[in-house]
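# Structural characterization, general
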Amino acid sequence: MEKPEGSPADERGLQPPDRGLLHVWPSEGGTQQLCPETVLLSRPVMHISLGENHGILLAQGGLVFSFGELSWRGVSVPVSAPVLEASLLGRTVVHVAAGGFHCGAISEQGGVYMWGENTAGQCGQTDRASVTNATVPEPCPVTVVDSEVVPPVVVRVISLACGWEHSLALSAQNELWAWGSGCQLGLVTNTFPVWKPQKVEHLAGRHVIQVACGAHHSLALVRSLPAQDFSAQSTPKMRERGRSPQCPLADREELVTTDDAVYCPLGVELSEVTRSEPSSRRRVPRLHPAGMSSGSSRGSSASLSSFSDDSRSNPKQRNFPACSRLEAEENRAECASQTDGSPKANPASDWAANKDSAFSDDLELQSLLDKLSVQSESQNATATGDTDSVSSQTGSEDSCISSTPSSDLLTSSYKDDSNFKMQTNNGGASAPLSSSPVCLEEVRLCVERERQALLGCSLTNAHQKGNAAASGRRSLPGTPTHGSPRRRRQAASGSLCAGAASDDSGDGLPSLETEVWSWGRGSEGQLGHGDQLARLQPLCIKSLTGQEVIKVAAGSHHSLALTAQCQVYSWGSNLCGQLGRVDGPVTVPQLAKLSDGLRVWDLSAGQSHSLLLADGDCVQPVLLYCGQQSESAHSEKLQSQSSPLKTKSCTERPTLLPFCIEMSYISSVSGGGRLCAALMDHNVMGFIAAIHDLASRERQFSCWMNDVRRVVIAPLRKKETACQTLGDPCTHLFFALCDSFIQLSKLIGRHATALSYFLQNAQSRDVTSFPLLTHSEHFLETYKKYCSAVGDFQVMDGFQSLHKLSLECLCGQQAVLSQLCGSDQSVSKEFDLVSMFYQPLQQLHHYSRVLLKMATCYDVLTEEYQSLQQGCSHYEALSSCLRRKKKEAETTQLFWKTHSGKTTESLRLPQRRVICESSNRSLTPQFAGRFSNHWFILFNDILVHTQFSSFRIYPLTCLWAKTITEDGSGFYTIKIICPEESFTLVASTPQEKNKWLRSLNQAVDQVLGGAGQGSSPGVTAAVCRTASYKFVTDERFRDAQYSGGWMAGRVHGRGTMKWPDGRVYKGNFKGGLEDGYGECVMPNKAQDKPDVYQGQWKEGKIHGFGKYKYGSGEVYDGCFCDGRRHGYGMLSAGKLARTSSGLFIGQWVQDKKTGYGVHDDIMRGEKYMGFWLDDQRHGSAVVLTQYGVYFEGSFKENKMSGSGLLVSDDDTVFHGEFSDDWTVNGKGVLMLANGDRLDGLFSGEWSAGLKVVGTYVKPAMDENKEKDEPPLGQYAVPAAQRWICVFDECWSRLGCDGAGNGERTAAWENIAVTITTARRQSPDLSKSHTKVLESLEFIPQYGEAVTTANYDNIRRYLTKACETPHHPLGWLVETLVTAYRMTYVGVGSNRRLLRQAVLELQAYLTHLYSIIRFLFPGLPDDGGIIPDTPDISPYKTRRNSNKVDQGVLVVSCSSLLLPLLLPRLYPPLFTLYCLQQEQEEAQYWERILRLNKQPDQALLGFLGVQEKFWPHWMSILGEKKQIVSSSKDACFISAVETLQQISTTFTPSDKLLVIQKTFEELTLEVKPFLAGDFLWCMDDLFPLFLYVVLRARVRNLGAEVSLIEDLMDPSLQHGEMGLMFTTLKACFIQIQQESTT
């Protein structure tokens, strides 16, 4: 062989690294003479994988090296000098795998690279033209594409496994992909080779943890499905990514088979021809020249023909078995589910040629056929070699997986598995072994004898394994007959990164709920299903389900499985003893025979050997070997001649390799072909030793816990008399103890597995990912729960009863129990069981010690040191805490045993622990009698005071203990405070006082969730706390259940109080009473619904602002005082059907309507606006009806009384005396709509008719005076006297007793507190609202003088304050708006109320401005001026509408507050203006419509506009167009559009700005027609502006003008804006009075 090129010398050196040292040795050497060869690299080896005659290793940095027979390159590389795979440089490889004769690697990005032999497609290279001699000499990428998604995506691969002719890849989604040839792929296909990776649909939807490949079979470790998921597997949700519907075996009816009709699910559908001719469809065993069946393993073949480096197989001459069938139609071969991978010319000639070359002697054939009829030691006599025998006794078709039916099984053939050159007698000439049957007669003879053997005693050892055989034979494929449907689904945007070795089950630790699935050839029983049949698709090995398998390994013809209990299951070929037993081949998993004290935690399998890594008696791990051992050549030759079916010297059980003691700490092992390898780490600073020590102890601990579960817990739980023996309370506690023990056992098993993975996976060996650190909370919580369960069971004296039960149930296993208890004593003592269940707690101290030892290997400033040190402190603290809890449980048990009785028995609870007691009279009540008997017992949750046969219980959650320092009596006293009782205790000595005080505070602190360390003497633990308590004797809260805050024995803070009668209060308390905001539900016996109140409380009563919902349906929203409605409030009466239905808003005094208020009577259609007294209308008022009748006058005792004014809808006015509602009685004047008047005495009801004695007066005909409007408002309540209660409430919220009567500083502090409280107690606020509240929490500079510079700051603050109702000013504005709308909306929308509405708005401004001036004293009086800053710009001075002269700023309440109020009040107010101007608006609009029919030039001429102002061009989208005589709406467009915006504004100042801008736009449009400077005169301006007003077509222009006139700032009336407004008003009057003719 040539020397390999490209071996970098810089990758090897004399100084090996401290970790990742690689040792390699041959598998067939004697265990005593073996000397491992060390592979010296300058980089640590991360991973190694061995193939048939080669190996591949991964070094640190992602470098890949190869050694051995690299036949695809024609080179041989020694182990000591591996060659670097240069083409993979820069790829950062993270995983490597070696198959029989090919290799694979995975990059950090999840890409797959394959090289080596590719004749069976195992390298996944589809471009055959680029593959020379069916090999891939250099690593080439293999793209794994999921084409079932839309669009297709590239799959990220995290693990790879290779067999002889196939490759398996595990994706980041834990799905399995396969390519190559043979049934070992597990694919639903009939075409081989499979060049492109395809998903193994049979495992779709399952979480695959690990895969392993044998020569021609595959294994997969799969996470078990939860029990509740079985019924949902076939739902569309589970199959949305195209996964096949799994048919759970637990839910399917198992197929019942008889002993003589063994069920063998082949994974193929039997055709009718196959079923009708079972005997003729049997396959003949492949016959070898040595007289052996092809079913013999590679190891057995090797025993008959010696191997040498020069006699190894040539890949060009090898035949590749593919579990194929040969279809003899048109003399060609087709690859189907089991077809030969190589092309054949003529089957008949092939058979003849193969017969002559393979069988030179008929005696050998006869000898073989004779042997086929009997059972041999290896049970290969009835095996069909590597064939898949189709039994005629198979079960129903549902048991078979869908595949291509075999049409001609007689012509199916397999190639030789051994793939080696057999030396012939003529000196080195070699020929490939035949894989074809000899002749038809021989086939039939062989099949018939094989069938007889099957019917007689079966090929398998099914009868040897009892019940396991039945389940193995009835094992079903995991899918229905016809495969799995594929579904299109959307491509996933991300991928999960989870390795096979770090499989998690939700919390990051490896899952132990696993299953092992196998498929491929089963001629040696390597599939573990209880037979020697092949499986085309994965099938679950039932006997391993529930065994907590954590790793699988596949040799050439045998399989291994490692469990979390460090046990090894093996099955398959055992010719060389590779199964760790001395029996023959095993078709179901059986335990390997391990010596006592050995705990296996890693394994690997080669061609005919197995390698185990285990914990032994020594500190370092040990290596165990199972397989062939070398002997002398002479004895080997004699043995092969005397008994060809016997192997060489084999191990009878796993044998220790002595040289492993010199290999320091081995982290992982690998086997393949005839080689073994081990990775080793040096113990640098004790770091590696600490990890191995922890892992070894954890595995030992896991095994111990598993033994306890098996020997103690499981039998006792199944004992029928357990409940009777333990008693009712202890039975529940015992099962809880068992459950917590099992949970802890599972955690320890998963942790031990994680530590094994941590050691094996050198790449991810990061201390920060150490399981004890990343899952510390899970560990701590599990140990706490377990310790509590043991303590609770012990406290209730459960171990004494359990001792009796164990004597009955486990009487024959006392020695085992004694060993589990860690004692040589007999199990007759209860102490042994207690110590056994407490033994797991010792592991915590070991955790702490190991973490501390690991921390010493790092610098104190590193992150690793901090993490390890923190973990160490956590585990040590928990260890100390649990030891203390253990002692408390023991003390409590002794206490109950010592003080047994009815009184103490009623106090006995599982979770209760005794802390101290005063049986020695160390603590007595103050002023106790001389002969009194007092006994205090402090538990961890209550304090008990016992006196004779009675006792009082004080919960510690609501108990305060403090020392009394200024007693003066000389006693050592302790003050005990409880919610309903307080008393003083006297200690006998100062030491006793300190002990009890410390114990009380520690117990209280612990029961409240603290650390339980307590406080120093004299300091009360947790003065403020949250607890629950049920009152007993308290007069106010009797029998009420409270949960919430406390302070020194009083309810304080937020809490919930529930009374037995159904009352519920949820809110704030202070000093034992309701105080602050709270919600209360009070039952209403008279109504079906309860009363509900939400609002403020004070000293246990409803006080402040709130909302009360009565059971009758009424709702009151307003102020309360001492539980009564008092102040401003709004009462909404119930449903419309009620006589009292209506709405009242106004002032209340002592729960009665008193003062000004508005009542809207819905039933009568009347609205009352006036004074009230004791719930009766009394005083001046205005009444409106739904029929438009207006009345103003005085009321007395709820009736109209005295002078009044009544106006009907037709403008008829009566002014006179009233005696009752709408009843006239006395003098009066009746004025008709036409001006006629009637004076005299009136009597009668207004709606029924009036009796009149008087004079009728008709106005003179020559009087052309307009009709006088009635003097409205003279009897109405003055605007300044309305809503005084609202403003008083605002002053109260500011902390003032009355208007301006209070401290300004206190007012601002109240505002800040109110805003802060509202923000904290309203979590559902929006972000913008929250920001507003945060800005309002800051108190502005209110004391400084107000200038134009900070005036805008005040305006901005007021704007924000009015945006939120939590601010007193915001609440005031919101309430005023509500009151205003309630007054002037609906029935109150009457034009006769316009004047009152305007006056009321102006009164709002006056009152509000007084409050603002109180907060900002620097503001001047209404109409005052503010000096401007010296540097004010002239432009700014001219543009500010409020400035009357440069240097001053006029401040008025309208200019400051109208922008805040008027937008909210605009709808009702403007409606009144429109109603008032209704007639004028009709006239105005009629003339607008008529005049706008004229073209522009005609209208300009009609209005008298001079022609020099007429525009002749207009611009449309930048293009000039001439204005002709017929043009319409083309002149002064900008000014017209600007004036139209007046309807979109609210305040007079904004409307004036629109008018001003209209004049500016008009001037800009006129200037181009004139030369030089131009000044307007009214004669020119008025007709032109009149044209703009006509073309603007502004609706309700009269209402706009009236609103501006009434509310305009007085400082603007005589300025430029005043003149412009006058022009607009004149235009409106001109249009209104324009002649219609």
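Model, not experiment: these values are computed from the prediction.

Strand order in the open sheet made by the 4 strands is β2-β1-β35-β34, with antiparallel pairing throughout. A strand with exactly one partner marks an edge of an open sheet, and here the two such strands are β2 (37-39) and β34 (665-672). On average, adjacent strands in this sheet sit at an angle of 25 degrees to one another, irrespective of strand direction. The pairing of strand β1 (residues 21-26) with strand β35 (residues 675-681) spans 6 bridges and is antiparallel.

Moving on: the pairing of strand β51 (residues 1115-1121). Pairing of strand β50 (residues 1101-1109) with β51 involves 6 bridges; the strand directions are antiparallel. Paired with Gly1106 across the two strands is Gly1118, which belongs to β51. Note: β51 against strand β52 (residues 1124-1132), 6 bridges, orientation antiparallel. The partner of Asp1117 across the bridge, within β52, is Met1130. Counting the residues in the hairpin turn of β51 and β52 gives 2 residues, including Asp1122, whose phi is positive at 55 degrees.

Grouped together as the largest cluster of nonpolar side chains are 116 residues, with contacts concentrated most on Leu623, Phe770, Tyr783, Leu802, Phe837 and Met854. Considering each element in turn, this core owes the most residues, 15 residues, to helix α8 (residues 687-718). For Met854, the residues in contact, after removing those within four places along its chain, are Phe687, Ala690, Ile691, Val767, Phe770 and Leu868. Core analysis: the second largest hydrophobic core is formed by 80 residues, Cys1285, Leu1369, Leu1461 and Tyr1473 among them.

Right, let's get into the packing of helix α10 (residues 728-760) against helix α12 (residues 776-795). Helix-helix packing: each pair is described by the crossing angle between the helix axes and the interaxial distance. Taken N-terminus to C-terminus, the directions of α10 and α12 make an angle of 150 degrees; their axes are 9 Å apart at the nearest point. Judged by the angle between their axes, α10 and α12 are roughly antiparallel. Pair α10 / α12 crosses with left-handed handedness. In contact with Cys730, Leu733, Phe734, Ala736, Leu737, Ser740, Phe741, Leu744, Leu747, Ile748 and His751 of α10, α12 contributes His778, Phe779, Thr782, Tyr783, Lys785, Tyr786, Ala789, Val790, Asp792 and Phe793. Residues that form the contact of α10 with α12 fall into these classes: 15 nonpolar, 4 polar and 2 charged.

Here we take up unusual backbone geometry. Put simply, Val150 and Pro151 share a cis peptide bond, and its omega is -5 degrees. Topologically, Pro151 is positioned in the loop between β13 (149-150) and β14 (153-154). Here the bond from Phe192 into Pro193 is cis, since omega is -5 degrees, no more than 30 degrees from zero. Inspection of the secondary structure assignment puts Pro193 in the loop between β17 (176-180) and β18 (194-199). Located in the positive-phi region is Ser664, a residue other than glycine, with phi close to 55 degrees. With respect to the helices, strands and loops of the structure, Ser664 is situated in the loop between β33 (655-656) and β34. Taking the relative accessible area as the measure of exposure, Ser664 reaches 14% and is therefore buried.

If you trace the backbone, Leu1336 turns up in helix α22 (residues 1327-1336). Excluding anything up to four places from it in sequence, Leu1336 contacts Ile1315, Tyr1357, Lys1360, Ala1361, Thr1364 and His1367.

This part takes up helix α33 (residues 1597-1607). Within α33, 9 of the 11 residues are buried, which leaves the element mostly enclosed by the surrounding structure. Along α33, the residues classified as buried are Leu1597, Gly1598, Ala1599, Glu1600, Val1601, Ser1602, Leu1603, Ile1604 and Leu1607. Next to the buried residues of α33 lie α25 (1394-1415), α27 (1453-1476), α28 (1478-1491), α31 (1548-1566), α32 (1578-1592) and α34 (1616-1632).

Attention now goes to the pattern of salt bridges. Going through the model one piece at a time under the given rule, you end up with 38 salt bridges. Across the pair Arg1164 and Glu1166 runs a salt bridge, and its minimum N-O distance is 3.5 Å. A residue is classified by how much of its surface remains accessible, and Arg1164, at 42% relative accessible area, is partly exposed. Of the residues examined, Glu1166 reaches a relative accessible area of 11% and is grouped as buried. Where Glu1600 meets Lys1551, a salt bridge forms, and the shortest distance between an N and an O atom there is 2.5 Å. You can see Glu1600 sitting in helix α33 and its partner Lys1551 sitting in helix α31, a full 49 residues away along the chain. On the basis of relative accessibility, which here comes to 2%, the residue Glu1600 falls in the buried class. One continuous salt-bridge network, built from bridges that share partners, spans Arg73, Glu85 and Glu138.

Quick notes on the rules
- Residues numbered from 1 in each chain as written.
- Predicted model: local features only at pLDDT ≥ 70, side-chain atom pairs only at ≥ 80, totals over all residues.
- Heavy atoms only, no water.
- Pairing = 2+ DSSP bridges.
- Helix = DSSP H or I, 4+ residues; strand = E, 2+ residues; numbered from the N terminus.
- Axes fitted to C-alpha atoms, helices over the stretch in contact; angles between N-to-C directions.
- Core = buried A, V, L, I, M, F, W, Y, C linked by side-chain atoms within 4.5 Å.
- Buried < 20%, exposed > 50% of the residue type's maximum accessible area, 1.4 Å probe, protein only.
- Contact = heavy atoms within 4.5 Å.
- Parallel < 35°, antiparallel > 145°, perpendicular 65-115°, else oblique.
- Left-handed = near helix turned anticlockwise from the far one by under 90°.
- Nonpolar A, V, L, I, M, F, W, Y, C, P; charged D, E, K, R; others polar.
- Salt bridge = Lys/Arg side-chain N within 4 Å of Asp/Glu carboxyl O.

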